[in-house]
Amino acid sequence: MIEKKKVVCIQCHTGCRQEAHIEDGKLIGVGPDLDFPKGEAFASIVRGCPRAAAIVDYFYHPGRLNYPLKRAGARGENKWVQISWDQALDEIAGKMQKLIDMYGPETIGSTAGTGRTTDEFRWRFLNLLGSPNMVGQGEICYGEYLALMYAMFGWKLFPVVRAETQCVLIWGGGGPRYWNVLWRNIIKAHKAGGIKVIVIDPRGIDATQHADLWLRVRPGTDGALAMGMIRYVIEHELYDKAFVQHWCFGFDELRARVQPYTLERVSEITWIPQEKIKQAVEWYTTLKPAAMTHGIGIEHPANAMETLHAVFALRALTGNIDVKGGDVFTTAYPDIIHEQEIELHDKLSPEQAKKQLGSDRFRILSCEGFTTTHEFTHKAWGKEMVLNRSGQFQRYAHAPSFYRAALTGKPYPLKGIVTLSSNPVVTQANSKLVYEALKALDLYVVVDFFMTPSGQLADYVLPGTTYLERPWIWSYAMIVGSERAMPAIVPGKYERWTDYKVWKGLGDRLGQKEYWPWEDLEEVYDYRLKPSGMTFKEFMAKGGVAAGKGGFKRYEANGFGTSTGKVELYSKALEKLGYDPLPEFREPPESPVSTPELAKEYPFVLTTGGRFLPYYNSEHRQIERHRKRYPWPIMEMHPDAAKKLGINDGDWVWLESPRGRCRQVCKHTESIDPRVVHAQHGWWYPEDPGEEPSLHGLWKSNINVLTDDDPDICNALNGGWPLRALLCKVYRCEEGNL
């Protein structure tokens, strides 16, 4: 008989609710959960997902980590000895304590990935320890969106495409492989007719195939485009006058700021014809209600925060805010103790918070910025909504400053790092510096599902649990429960621990025992669900989902959650943090315009990081069926540009920047400007030797060998490092294929 368990997959950010199918104790597959509310919307995504199709291969892969490993040779020698969990945690905690005694708790830090784990417990451990130094991807993914949303609107908006929607603007991604349910709704509405789809992207991605209008923007110039669109909207009185008059603060200041951005100038900057810009503006402002979604394409350049400010201001001017068929505020999920309460941010003293690496310079995603940007949220939404805000995306230390502290000891030594389900030497910009920083540590611990290049540099590698091996609650616009489908421990085969158990084990050994009263995750969720009157098992028995009450134009009751009670086009929160309160376009620090001499040697504009199936960031490359389908990294280049360099479709090529070079396979495409190339990210080769110098092929195709993270070129507000809009050159690889 087949047993079915309700689980939430987090192998990407769609968070599909699935049914895990188990027969005689063995996982045999996953399928859609049709009992889930609107489960059919997720069903086609689950059925078509290559990662879901390969879940048995993934779960039972012989490369899964099974027991704690301790380094038995020099770092990078790939020599390990298996040890018990008690020995591992005793030794790690003992070494942490010695480092804390010498340098203070801030000498211990942690690196996070993109949502494979329950990070509220990481925060709890660090806050109790007294360290403000956790780094993740918030500076270049989602955290910057949240910070600007809270600063300008007092809460976060998401597009909800309905039958009423007349126009959708997709800016820099935000469609397929990003929010898949939204994308399905867009496709459905577009096929039904009557809806216009506008896509702004440097590449001919999937979304452009369904677009009525495509603006092929020069990478890194989206901010200029947004400023020009705002100017056109104001000049031609296309904005929602009633909404702007009653609910926007700083309109006159914004109007003055955008005056230099004529269509002629913006067209010259962005490489987009004026008529296309004009058409996009007129459709987006007159076909109402309209919805807008953006992706990491505009969160990756060095000018991302200023760009988002302008894009969000454009959003506000249309008046499509919290309206049916437009952009809608998310609602607090009810009857639960929220993640922020679990994180215990109040346990980190103000004195320790000020030691957060990089926070003296890059403040909006720091502890200070987190407090400042949600200072007035309660006015509009109440305490419940305020607590909905986890610090997981917005209280980060600055990653480039973090790794430099490990390498140089300035402004103080960072001596110990715990990496939990992330692979920083592959996914962090400037891989060479990150590698040197990790090698310089006194203590490096990695918790993961598989051995990685980062894991090869660790002192201890600990086996973590996938979403199938632990219960959990996924909390976003609603709360969704996920049962433990498979055991985390099978005597004689493997002993994997949840990240909760890892942090509790360390916390218990470092004087935090009273703050870790729950034996396992299910007890944690029983505690969190107390306000609902249900245990976790009872919650799952009733469907495992709960959502708050929605609505539209809710700002009419209590205003917006900002200091003025309005949408702050002129942001008082940014002003309080010492930043420009208005949007502005800043040319990328490395471009044909800002560095013309460098562009003579490196003539192509490099953009990286476009999402592609079956992989997700640096994951899944050990899965054989995926590698058969997608064996090598692909870089895209216009055939005219390739022909001039003697590069054929399918040739291996070198991509090189002033930082270094890597190899990928060239794919000709006419959908990209001849002056632009795109390279894939996250590539390493699990089948290659783990020991140095290989580190599983770390240096072969890793595009982050080319990217830069110099704090002086990072975004001034949040410290985001440029992963797009860089310069490179391309030439044939004569050394042969990999």
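Above: the structure in question.
This text gives an overview of the structure that appears in the document. Along each chain, numbering runs from 1 in the same order as the chain's sequence is written. Residue-level local features of this predicted model are given only where pLDDT is at least 70; pairs of side-chain atoms are given and counted only at 80 or more, and the full residue set underlies all totals for whole chains, interfaces and linings. Processing note: side-chain calculations cover all non-hydrogen atoms of the structure and skip hydrogens and water entirely.

Concerning the nonpolar core
Phase 1: By nonpolar core we mean a set of buried residues, namely Ala, Val, Leu, Ile, Met, Phe, Trp, Tyr and Cys, connected to one another through side-chain atoms within 4.5 Å. Throughout, exposure labels follow a simple rule: accessible area from a 1.4 Å probe, protein chains only, divided by the maximum for the residue type, with under 20% read as buried, over 50% as exposed, and the rest as partly exposed. Grouped together as the largest cluster of nonpolar side chains are 193 residues, with contacts concentrated most on F153, W171 and L317.
Phase 2: It only takes one pair of heavy atoms within 4.5 Å for two residues to be counted as in contact. Apart from the residues within four sequence positions on either side, W171 is in contact with I200, D222, L225, A226, M229, M292, T293, H294, G295, I298, V311 and L314.
Phase 3: Counting residues in each nonpolar core, the second largest holds 19 residues, with F604, L606, A641 and V677 among its members.

Concerning the sheet that holds strand β2 (residues 17–23)
Phase 1: Read across the open sheet, the three strands follow the order β1-β2-β3; overall the sheet is antiparallel. Of all strands in the sheet, those bounded by a partner on one side alone are β1 (2–8) and β3 (26–32). When strand polarity is set aside, the average angle formed by the axes of neighbouring strands in this sheet is 30 degrees.
Phase 2: Pairing between two strands requires that DSSP report at least two bridges joining them. Numbering of helices and strands runs from the N terminus, with a helix taken as a DSSP run of H or I at least four residues long and a strand as a DSSP run of E at least two residues long. Note: β2 against β3, six bridges, orientation antiparallel. When the sheet's bridge partners are listed, A20 is paired in β3 with V30. Helix axes are fitted to C-alpha atoms over the stretch in contact, other axes to C-alpha atoms as well, and angles between N-to-C directions run from 0 to 180 degrees.

Considerations on the side chain of S366
Phase 1: Tracing the sequence through the fold places S366 in the loop between α15 (350–353) and α16 (367–373).
Phase 2: Setting aside anything within four residues of it in sequence, one finds S366 in contact with Q356, S359, Q394, R395 and Y396.

A short note on the pattern of salt bridges
Phase 1: The term salt bridge refers to a side-chain nitrogen of Lys or Arg lying within 4 Å of a carboxyl oxygen of Asp or Glu. Inspection of every chain in the model, using the stated rule, returns 47 salt bridges.
Phase 2: D673 is the partner of R216 in a salt bridge, and the nearest nitrogen-oxygen pair spans 3.9 Å. You can see R216 sitting in the loop between β11 (213–215) and α8 (222–235) and its partner D673 sitting in the loop between β27 (660–668) and β28 (676–679), a full 457 residues away along the chain.
Phase 3: The class of D673 is buried, set by a relative accessible area of 9%.
Phase 4: Taken together, the shared-partner salt bridges in this structure form one network comprising K4, K6, R17, E19, D33 and D35.

Focus: the packing of aromatic side chains
Phase 1: Here the aromatic set is Phe, Tyr and Trp, taking the six-membered ring for Trp, and pairing holds for ring centres within 6.5 Å; pairs whose planes are under 30 degrees apart are stacked, those over 60 apart are edge-to-face, and all others are tilted. Within this structure, the stated rule accounts for 31 aromatic pairs.
Phase 2: For the ring pair F121 and Y500, a centre distance of 4.9 Å and an interplane angle of 70 degrees mean the geometry is edge-to-face. With F121 in helix α5 (residues 119–129) and Y500 in helix α21 (residues 499–509), this residue pair connects regions lying 379 residues apart in the sequence. Grouping residues by exposure puts F121 and Y500 together as buried.
Phase 3: Seen from their ring centres, Y500 and W516 are 5.7 Å apart, and the 55 degrees between their planes marks the pair as tilted. One end of the pair, Y500, is in helix α21; the other, W516, is in the loop between α21 and α22 (521–528), with 16 residues separating them in the sequence.
Phase 4: By relative accessible area, which is 0% here, Y500 ends up buried.
Phase 5: By the ring-pair criterion, three or more aromatic residues cluster together here, those being F612, Y615, Y630, W632, W652, W683 and Y685.
Phase 6: Sitting over a ring, as applied to charges here, requires NZ of Lys or CZ of Arg to be within 6 Å of the ring centre and within 35 degrees of the ring normal. Positioned over the ring face of Y615 is R621, at 4.4 Å from the centre of the ring.
Phase 7: One cation-aromatic arrangement involves R621 over W683; the distance from NZ or CZ to the ring centre is 4.4 Å.

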